Amino acid sequence: MQAGAKAGPLGASRIHDSAARHVAGEAVYIDDIAAPAGLLHAYLGLSTIAHGQLVSLDLDAVRAAPGVRAVLTAADIPGVNDISSTHRHDEPVFATDMILHHGQPLFAVVAQTREAARHAAALAKAVYEEAQPLLDVAAARAAGGALVTDPLKLERGDVAAAMAASPRRLKGSIEIGGQDHFYLESQIALAIPGEEEDMQVFSSTQHPSEVQHMVAQVLGVGSHAVTIEVRRMGGGFGGKETQSNLFACVAALAARKLKRPVKLRPDRDDDMIVTGKRHDFVCDYEIGFDDEGQIHAVDAVFAARCGWNADLSGPVTDRALFHMDNCYFYPAVRARSEPLLTHTVSNTAFRGFGGPQGMVGAERFIEEVAFATGLDPLEVRRRNLYGGASFGGGPGRNVTPYHQTVEDNIAGEVIDALERSCDYRERQRAIREANAKSPVIKRGIALTPVKFGISFTATWYNQAGALVHVYTDGTVMLNHGGTEMGQGLYVKVAQVVAQAFGIGLDQIKITATTTGKVPNTSATAASSGSDLNGMAALDACETIKARLVEFAAKHWQESPEAILFRPGFIQVGAREIVFADLVKAAYMGRVQLSATGFYATPKIHWDRKAGRGHPFYYFAYGAAAAEVAIDTLTGEYKVERVDILHDCGTSLNPAIDKGQIEGGFVQGMGWLTTEELVWDEKGVLKTHAPSTYKIPVASDRPRIFNVALLQDAPNREPTIHRSKAVGEPPLMLAICVLHALSDAVASVGGHRVCPRLDTPATPERVLAAVERMRAEAVG
Amino acid sequence: MRDTLRFLLGDELIEIASCNPTLTVLDWLRLDQRLTGSKEGCAEGDCGACTVVVGRLDRGRLRYEAINACIRFLPTLDGCQVLTVEHLKGEVGALHPVQQAMVDCHGSQCGFCTPGIVMSLFALWLNEDAPSVSRIEDALAGNLCRCTGYEPIIAAAQRMYRLEEARRFDRDAVAAQLREMADTETLALNGPKGRFLAPATVGALADLVMRHPDATLVAGATDVGLWVTKGMRRLDPVIYLGRIEPLRAIEDRGHHLDIGAMATHAEVRPALAALSPQLDELMRRFGGEQVRNAGTIGGNIANGSPIGDLPPALIALGARLVLARTPRSHNPHPEEAASAAVPKDEGGGLSRRTIPLEDFFLDYRKQDRREGEFVEAVIVPKLATDALFHISKISKRFDEDISAVCGAFFLRRDARGLIVEARLAYGGMAGIPKRATAAEEALLGKAWDEAAVAAAIAALPTDFTPLSDMRASARYRLTVAGNLLRRFLIETTQPGVETRVAGLLAEAHHG
């Protein structure tokens, strides 16, 4: 970094740029925007069956309802009735003949008020010819296993031979549950028609450019006629990467049709019924290993309930395979994905994007080997780490199943440091001792590592743009393609710009993300936000600075090398000039004070057909240890203590990063414990509101929650400030909770039988595992 | 009769002459007043993004409570003050300590839940001086945050007490204003979509209930609110019981408590906690703080939910229900007059009958409430010193969740240690809160030991054929229903054994 980096705002725990507005209720979300004159409200009419033929749709009562201004179906779409993000043409805005999931949109009604539209939508009379819905992996497989997209196979080494040669082998299976995003702000879009074909849409989206393309496609206009804007989302977590398209397109369609502004905000229940979630998986595995706990071969199939269309299921299931190794070297490995078509919501991106499911698989493999060999699970983890020099390691033990060499491995160091700092061994011993004296409540402890690959595996997504304007009073307007969903991206990028110019954060205005300022952006996803947009913004700053240096050198007759941007001033030879004076002078000297910036991640490439490449620029590491108590009479449990050591490289903002770590951990803990999605036999989602779908509350967080950022660990790659991405990796730290529960359950059977705890590990699942332990320990 | 709704929005007197009876406070704030700080996250009182603070007169004193604006009907604010997140900043725009602490501790990320969290903490700040971490967690149980993992919010709740107040909330002035507004006139408010009737006396209530047999009686609206926001039902007329002060009374009568139907869960908790720490914990876990502040004991019973957590506990305690109505009925029920046990005309010129609580629940969502009747009070016997008592609520998530199974047990033994009285009441096991009569039978005459428990467990399948649903499977429910009797036995015979993983009872065990 440039001179003066230490004194600047980079690396400091600056507060979220909107914090003061958040707490005052002054941060504006889309539903808070003052209603434009003539605003109408749209609401979706949904199918009431999961699978079958739509025979007829009688909308007369809907049209006749009070306040209704229009009813829209597929026939009203001037462009294409499709919003498939992967252009497979498998995601109609409105169903026309086949119904493929319960809650599929059939039509939209537009009325004077949201209440009127919502009431009217319920009046439709649809006649269906019902067909048997395929609701889960087993049913989809039994019906032939139709896939929504091409599967992936990763293979390295001769798996059959290695498996055959393994001293020991075992087979097993794990069910890994899905997860609703439960962003607090539901999906929403506000569309305002302009002149000719112009359309402005305020969309709560992580991917404004895709919303722009989809709206253009549905309206049958060029992308240049559509502008998407989003200042902030009330949470995204992946749920607004593609799932926002539907709401934006319907609002825009209605606005176009009625030539009036139209807002569409589904009720929470409808949001949960309509939109996709984290994929649930079934992973079937065979492991070859030896008595020392060393894995020789892994052969695994990751089958996912993808729902009714492809959406992002291809890259999600790919990423599951990319993380089925976690931190471990498999001498021979074969991993296959099975992205199955089911008649359920179309599962989509969710923080970790398949990675968490792959990693839960990896940790189960370790657990199986530990129980089979009688070794301590942490010891088995250590023996199989990449590099693994301490035990039968050596050169070559650092190649992933996708043939990328792990060059930045610090998993061993992170595990060792955490094991020491949380007093893991002593606590494990004490827990075992106390369990022996406690007939009902049993405690468990586990420590699990994380290695998460950073970059979009769709390589072209790894680019970003920014736009920086410097005004003559020295204030700066910053815009980039990344979206703010709470993760603190805006403040981090503002810190980059403040540092670059040597100015204060208060001199920078962070403006809403809009396709009109920075075009062709990637989704704010894959943890990439600050990596990509921070670099793009810095690029723009450097362009402006170069112009300012050139100008200043001429103006003050100094060599360019004598001009330095210091915190609070610019040093021009012996002079100290404040930024505002410099830019004022530069303006008078007719210097352009605005620039775009661009960044494309280097080094990465990926050949999906061959299953080989270097898809990740680098890896982010971390480790967590959890201590839990379970009740062997009811299956209830409590996470009592968690210790985390996480690698953010050189943090751009430690407070923001800590927030991502804690929040990601608790969200991951919810996924693995109480967040259970239940569909009935007709394919109706029964957990479609917070009354039935249980995300963690304040008392679920561990009372003892020690979170530390790994110190003195700059990213080995030249990322922005040598930082590391932090959005997703911490979610997977929560896998330690699953294994601590498993450890507690195993205590019932004297730690001889692998509990094989599936997820979510609800109290019911924990009790079932306890009962199985009791039965198997006796038998 | 008064036909204008009156309340304070901050310091401003609001008078509304026409309003739909089920217009929610949240919609009114956001759509009518353009106060968009309060958010809609779920519209069912579970996420807390809409939390506002309501001040009301409670026996002449001002009481502030956090409530969910999304399921509260606007006319129920009559005579109250409502404070929203917009009211917290000081004159010169300085943040309130609650807000400043949230900023300082990085307590917001996406910010959407934040106004609700700020208001829940503001209520805590108004009411309590140095809450423990457990108490802070309780105060936030009705506020979901998906971003932070709560740690910085808990830190903010501790820090807020160390910051200087930028704006003084003048309680005396507000109390005086509310006193001035208070009257005993029935509020009869008309709106385009129906009438809202809010009597201020029990007599007026009885008359209205008799005159409007089709009316929906609303207490805390923590369930009725959802009939509107989720079921999109139109309710007309609505009779609101919240203005009737005597119905909020909680009286200690020596051997029993008389609890008015409109006493909220928050108000009832200390009274029940005095009977048993198990009741304290049950009441602590009831919904979220906002629901505990709004929901009432009478509403919880009258609503007849198969899982309502209070009825099993009250049934196990042997509680009796007082139903009242005006005697001007044209066809008085013969039973009413015939029964000598029924106290009549004790007050207000009403006829009353008192029944065992368990008899009130006839079938799924069907209760023994006769024409013109309303639930007036619950009589809760205190526990005898030799009684054994137990409550367990089992839910997927420990706090702010609905039971998969709730078990409440009462036993008495004779001098020889043999069980002479047993009440085993369960929620979540049938269409109504119900006693396990076969299991009770199995216990009678036995010593309280493992053999007795085994016999009771063996009888449970006779008592119950539970359902499988999204909360739990039938198998889990039946297994746990039995295991709770084991827990009861251990807790009453081996006090040294740890039996709870979370909550007050676990903390008490840890000391």
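(A) Broad picture of the domain arrangement of chain A. All names here are of chain A. If you check the domain split of chain A, you get domain 1 (5–26 + 463–600), domain 2 (35–132 + 181–274) and domain 3 (281–457 + 608–778). A separation of 37 Å is found between the C-alpha centroids of domain 1 and domain 2. Each side of the interface is counted separately: domain 1 has 15 residues, and domain 2 has 18 residues. Among the residues making up the side of domain 1 that touches domain 2, the classes are represented as 4 nonpolar, 10 polar and 1 charged.

(B) Inspection of the domain arrangement of chain B at higher detail. Residue and element names in this part refer to chain B. Domain assignment breaks chain B into domain 1 (5–87 + 170–240), domain 2 (97–162), domain 3 (247–381) and domain 4 (388–510). The C-alpha centroid of domain 3 is placed 23 Å from the C-alpha centroid of domain 1. For the side of domain 1 that touches domain 3, the elements supplying multiple residues, two or more each, are β4 (61–68) and α7 (202–211). Sort the elements by how many residues they give to the side of domain 1 that touches domain 3 and α7 lands first, with 7 residues. Its residues assigned to classes, the side of domain 1 that touches domain 3 comprises 11 nonpolar, 7 polar and 4 charged.

(C) Local environment of helix α5 (residues 151–159) of chain B. Along α5 of chain B, the positions that sit buried rather than exposed are Glu151, Pro152, Ile153, Ile154, Ala156 and Ala157 of chain B. Where α5 of chain B is buried, its residues meet α17 (654–672) and β29 (704–709) of chain A together with α2 (97–104), α3 (114–127) and α4 (133–139) of chain B.

(D) Spotlight on the environment of Val274 of chain A. All names here are of chain A. Note on placement: Val274 falls in helix α8 (residues 268–274). Judged by C-beta crowding, with 23 C-beta atoms within 10 Å, Val274 ranks as buried. Separated by 31 residues in the primary sequence, Val274 and Gln243 have C-alpha atoms spaced 9.1 Å apart. Excluding anything up to four places from it in sequence, Val274 contacts Leu44, Leu46, Gly103, Pro105, Pro266 and Val345.

(E) A look at the pairing of strand β11 (residues 256–260) of chain B. Residues and elements named next belong to chain B. Bridge count between strand β10 (residues 250–252) and β11: 3 bridges; the pairing is antiparallel. Within β11, the residue paired with Glu251 across the bridge is Asp258. Counting the residues that bridge the hairpin from β10 to β11 gives 3 residues, and of these Gly254 lies at a positive phi of roughly 90 degrees. Relative to strand β16 (residues 374–381), β11 is paired through 5 bridges, and the arrangement is antiparallel. Bridged to Asp258 within β16 is Ile379.

(F) Seen up close, the interface of chain B and chain A. With 65 residues of chain B in contact, the opposing surface of chain A contributes 69 residues. Elements with a contribution of two residues or more to the side of chain B that touches chain A: α2, α3, α5 and α18 (474–493) of chain B. With 7 residues, α18 of chain B is the largest single contributor of residues to the side of chain B that touches chain A. Taken together, the residues of the side of chain B that touches chain A break down into 33 nonpolar, 16 polar and 16 charged.

(G) The arrangement of the sheet that holds strand β16 (residues 441–454) of chain A in detail. Residues and elements named next belong to chain A. Sheet architecture is open: 4 strands sit in the order β16-β27-β28-β29, paired in mixed fashion. The open sheet has two free edges, formed respectively by β16 and β29, since each of these has just one partner strand. Averaged over all pairs of adjacent strands, the angle between their axes in this sheet comes to 15 degrees, without regard to strand direction. In this structure, strand β27 (residues 618–631) lies alongside strand β28 (residues 637–646), joined through 9 bridges in antiparallel fashion. Looking at the pairing, Gly622 lines up with His646 of β28.

(H) Region of the structure containing the sheet that holds strand β7 (residues 194–198) of chain B. Residues and elements named next belong to chain B. Reading across from one edge, β6-β7-β9-β8 is the order of the 4 strands in this open sheet, with mixed pairing throughout. Bordering the open sheet on either side are β6 (187–191) and β8 (216–218), each of which pairs with just one other strand. Neighbour-to-neighbour, the strand axes of the sheet open up by a mean angle of 20 degrees, direction not taken into account. Both β8 and strand β9 (residues 238–240) contribute to a ladder of 3 bridges, which runs parallel. Paired with Val218 across the bridge in β9 is Tyr240.

(I) Molecular detail of the packing of helix α17 (residues 450–463) of chain B against α18 of chain B. Residue and element names in this part refer to chain B. Taken N-terminus to C-terminus, the directions of α17 and α18 make an angle of 160 degrees; their axes are 9 Å apart at the nearest point. On the basis of their axis angle, the class for α17 and α18 is roughly antiparallel. In the crossing of α17 with α18, the sense of the turn from one axis to the other is right-handed. Facing Glu450, Val453, Ala456, Ile457, Leu460 and Pro461 of α17, the residues of α18 in contact are Leu478, Ala481, Gly482, Leu485, Arg486 and Leu489. Taken together, the residues of the contact of α17 with α18 break down into 9 nonpolar, 1 polar and 2 charged.

(J) Expanded view of the nonpolar core. All names here are of chain A. Residues Val109, Val201, Val215, Val250, Ala251, Ala252 and Leu741 are the most contacted members of the largest nonpolar core, which totals 382 residues. Contact partners of Ala251, with chain neighbours within four places excluded, come to Ala42, Ala189, Leu190, Ala191, Val201, Val262, Lys263 and Leu264. Counting 45 residues, the second-largest nonpolar core is a separate cluster that includes Leu478, Tyr490, Val497 and Cys541.

(K) Quick peek at unusual backbone geometry. Between Thr759 of chain A and the following residue, Pro760 of chain A, the backbone shows a cis peptide bond with an omega angle of 0 degrees. Among the secondary structure elements, Pro760 of chain A is positioned in the loop between α18 (735–748) and α19 (763–778). A positive phi angle, close to 145 degrees, is found at Ser455 of chain A, a residue other than glycine. Within the element layout of this structure, Ser455 of chain A appears in the loop between β16 and β17 (463–470). By the C-beta count within 10 Å, which is 23 here, Ser455 of chain A ends up buried. Of note in the backbone geometry, Arg365 of chain B takes a positive phi value of approximately 55 degrees without being a glycine.

(L) Up close: helix α7 (residues 244–258) of chain A. Residue and element names in this part refer to chain A. The end-to-end C-alpha distance of α7, which contains 15 residues, comes to 21 Å, matching closely the 21 Å that a straight helix rising 1.5 Å per residue would cover. Most of α7 is tucked away: 13 of the 15 residues are buried. Positive phi shows up at Lys259, right after α7, with a value of about 55 degrees.

Reading the values: rules and limits
- Residues numbered from 1 in each chain as written.
- Chains lettered and ligands numbered in written order.
- Predicted model: local features only at pLDDT ≥ 70, side-chain atom pairs only at ≥ 80, totals over all residues.
- Domains from an automatic or database assignment.
- Contact = placed C-beta atoms within 7 Å.
- Nonpolar A, V, L, I, M, F, W, Y, C, P; charged D, E, K, R; others polar.
- Helix = DSSP H or I, 4+ residues; strand = E, 2+ residues; numbered from the N terminus.
- Buried ≥ 20, exposed ≤ 12 C-beta atoms within 10 Å, placed from the backbone.
- Pairing = 2+ DSSP bridges.
- Axes fitted to C-alpha atoms, helices over the stretch in contact; angles between N-to-C directions.
- Parallel < 35°, antiparallel > 145°, perpendicular 65-115°, else oblique.
- Left-handed = near helix turned anticlockwise from the far one by under 90°.
- Core = buried A, V, L, I, M, F, W, Y, C linked by C-beta atoms within 7 Å.
- Expected span 1.5 Å × (residues − 1).

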